[in-house]
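# Observations on the model geometry
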Amino acid sequence: MAGKKPGRVKSAILNWMGVPISLADGTFWQEWFGASSASGKNVTVDSAMQLSAVWACVRLLSETISTLPLKVYRKTPDGSRALATDHPLYRLLSQSPNGEMTPGRFMLFVIASICLRGNAFVEKIMIGSRVIALNPLLPQNMDVKRLDNGQLQYTYTEKTGKRVVPVKNMMHIRGFGLDGVCGMHPIAEGKEVFGSAMSAEEAAAKVFAQGMQASGFLSSDNALKPEQREKLRDSIAAFMGSKNAGKLMVLEAGLKYQGITMNPEAAQMLQTRAMNVEQICSWFKVPPFMIGHMDKQSSWASSVDGMNLQFLTHSLRPMLDNIEQEITRCLIDPVERDQIYAEFSVEALLRADSAGRAAFYNVALQNGWMSRNEVRRLENLPPIAGGDVYTVQTNLTPIEQLGSAKTPAEAARAALSAWLGTLDQDPGAEQRRAEIEALTS
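Attention here is on the structure that accompanies the text. What you see is a predicted model; the values in this text were computed from it and never measured.

On to helix 6 (residues 103–117), then. Given 3.6 residues to a turn, an α-helix orients residues that are three or four positions apart in the same direction. For helix 6, spanning 15 residues, the distance from its first C-alpha to its last is 21 Å, which sits close to the expected 21 Å at 1.5 Å a residue. Among the residues of helix 6, Phe106, Met107, Val110, Ile111, Ala112, Ser113, Ile114, Cys115, Leu116 and Arg117 are the ones counted as buried. Of the residues flanking the end of helix 6, it is glycine 118, one or two places downstream, whose phi is positive at about 80°.

In this structure the tally under the stated criterion is eight salt bridges. Here arginine 59 makes a salt bridge to glutamate 63, at a shortest N to O gap of 3.0 Å. Highlighted residues: arginine 59 and glutamate 63, both in helix 4 (residues 52–66), separated by four residues, approximately one helical turn. Judged by relative accessible area, arginine 59 falls into the partly exposed class, the value being 39%. With its nearest N and O atoms 2.8 Å apart, the salt bridge here joins arginine 329 to glutamate 326. Taken as a pair, arginine 329 and glutamate 326 lie in helix 12 (residues 304–331) at a separation of three residues, close to a single helical turn. A single network of salt bridges, built from pairs that share partners, joins Glu123, Glu158 and Arg163.

With that settled, the discussion passes to unusual backbone geometry. One non-glycine residue, lysine 285, lies in the positive phi region at around 60°. With respect to the secondary-structure elements, lysine 285 resides in the loop between helix 11 (270–284) and helix 12. For lysine 285, a relative accessible area of 45% puts it in the partly exposed group.

Before going further, it helps to spend a moment on the pairing of strand 13 (residues 340–344). The buried fraction of strand 13 is high, at four of five residues. As defined by bridge partners, strand 3 (residues 70–75) adjoins strand 13 across five bridges and the pair is classed as antiparallel. Its bridge partner lying in strand 13, arginine 74 is registered against isoleucine 340.

A word on the nonpolar core. If you look at soluble globular proteins, the nonpolar side chains tend to sit buried side by side. Counting 60 residues, the largest nonpolar core has Val54, Leu93, Met107, Ile280, Phe284 and Ile327 as the members making the most contacts within it. Looking at which element gives the most residues to this core, the answer is helix 12, with nine residues. The residues contacting isoleucine 327, other than those within four sequence positions of it, are Leu70, Leu89, Leu93, Met171, Ile332 and Ala342. Counting ten residues, the second largest nonpolar core, distinct from the first, contains Met142, Leu152, Tyr156 and Val181.

Further remarks concern the packing of helix 4 against helix 6. Closest axis-to-axis distance for the helix 4/helix 6 pair is 8 Å, and the angle between their directions is 145°. Once helix 4 is placed against helix 6, the crossing between them reads as right-handed. Each of Val58, Leu61, Ser62, Glu63, Ile65 and Ser66 in helix 4 lies in contact with helix 6, whose residues at this interface are Gly104, Met107, Leu108, Ile111, Ala112, Cys115 and Leu116.

Glancing now at the sheet that holds strand 5 (residues 119–127). The strand order 6-5-10 describes an open sheet built from three strands, whose pairing is antiparallel. The open sheet terminates on both sides in strands that have one partner only, identified here as strand 6 (130–137) and strand 10 (170–174). Neighbour to neighbour, the strand axes of the sheet diverge by 25° on average, direction disregarded. With seven bridges connecting them, strand 5 and strand 6 associate as antiparallel partners. Bridge assignment links lysine 124 to a residue of strand 6, and that residue is leucine 134. Helix 6 contacts strand 5, strand 6 and strand 10 of the sheet and is inclined by roughly 140° relative to strand 5.

Here we take up the side chain of glutamate 324. With respect to the secondary-structure elements, glutamate 324 resides in helix 12. Overall, glutamate 324 belongs to the buried group, its relative accessible area being 11%. A distance of 3.3 Å separates the side chain of glutamate 324 from the side chain of arginine 317, its partner in a polar contact. Apart from residues no more than four positions distant in its own chain, glutamate 324 is found in contact with Arg317, Ala342, Glu343 and Phe344.

What counts as what
Residues numbered from 1 in each chain as written. Predicted model: local features only at pLDDT ≥ 70, side-chain atom pairs only at ≥ 80, totals over all residues. Heavy atoms only, no water. Helix = DSSP H or I, 4+ residues; strand = E, 2+ residues; numbered from the N terminus. Expected span 1.5 Å × (residues − 1). Buried < 20%, exposed > 50% of the residue type's maximum accessible area, 1.4 Å probe, protein only. Salt bridge = Lys/Arg side-chain N within 4 Å of Asp/Glu carboxyl O. Pairing = 2+ DSSP bridges. Core = buried A, V, L, I, M, F, W, Y, C linked by side-chain atoms within 4.5 Å. Contact = heavy atoms within 4.5 Å. Axes fitted to C-alpha atoms, helices over the stretch in contact; angles between N-to-C directions. Left-handed = near helix turned anticlockwise from the far one by under 90°. Polar contact = N/O pair within 3.5 Å; in protein donor to acceptor, adjacent residues only side chain to side chain.

Written as structure tokens, this is what we have:
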């Protein structure tokens, strides 16, 4: 176990503490020692998470999706939809998946599992045919295989031993994969990407730890005796390291100091580390600027709304659709699937651009496919009287009606004439009618 950090070994052991295992258990050894890369680094989930880019990408994806409301809807006879607050699944997905988790914490665990291990496993706790709780399981403790009869078997290892989770009680959300059984392990598949980044980080740290390496060297015309070299090393040690920067060194016995000019970018390996950040971001489908890497932001949209839209379209939408489809497949009864469905509300990601949001609402109101109260609900405002009426612009007249359309003045005179016709036929009414007609002619 040379070169293996004690903290990582301890973390792996704690995951398996009290669990009966076999030395031939490949999952156990992979979690403990990781996948060996060409850079010489053993890449595990724990070691990869120590890279700032991996940490930031996983947090960005999992925390962003965990903040999106996940609602259960019911289709209405008129073709619209309404919140299915009376459906048992609404409470599980929108309020409390189980006795210990909020919906946000539950979804964060699911997304992090997919990002780091390619799969998320959720056990359905059932009473009869009704799901009463959703318990997420550690993907590193799950073994999935296809039996001879074609069925999948889920074997979960926990402290009390191994148990088989029935397929009907399992919700398996797969990441990107090729066999249709399980998603591929992102960290293991990207061992070269993460191993290279780990090596670059370690090399940069050693450069900073050894301050004299990049500053210069001492030379003398005379050979030094062993004891003199030891004393010189002890003396130089007082000036090494970042905490001793700026101290004045006294040279004696004919010693000369010569500084070494080194490119700061080469010393800090900025180019290599920047490239590693971009590779890690591409591995997780995250725009680099969203984790603080701003070098190539110009290739993305210039507005916040455009950036959020591209992030939503290319990074989040595939994961959201995957989860929504698995909810339909695993949690909704087949007889209800035509009427009941779950959907993430992504409008919150586009709320940052007030001008774009106002333009969107303006078009919706003028073309009559949203009412004012629907707009107010999206803005968390209370409804108003008469706000459920759908309106359109009056100047949007069909072409075939242009010849027969009345102007506003003509329409007003026609309405007034109709009202005058209802007056009693008396001399006073006739006089008033004549005066009004004269004014409106």
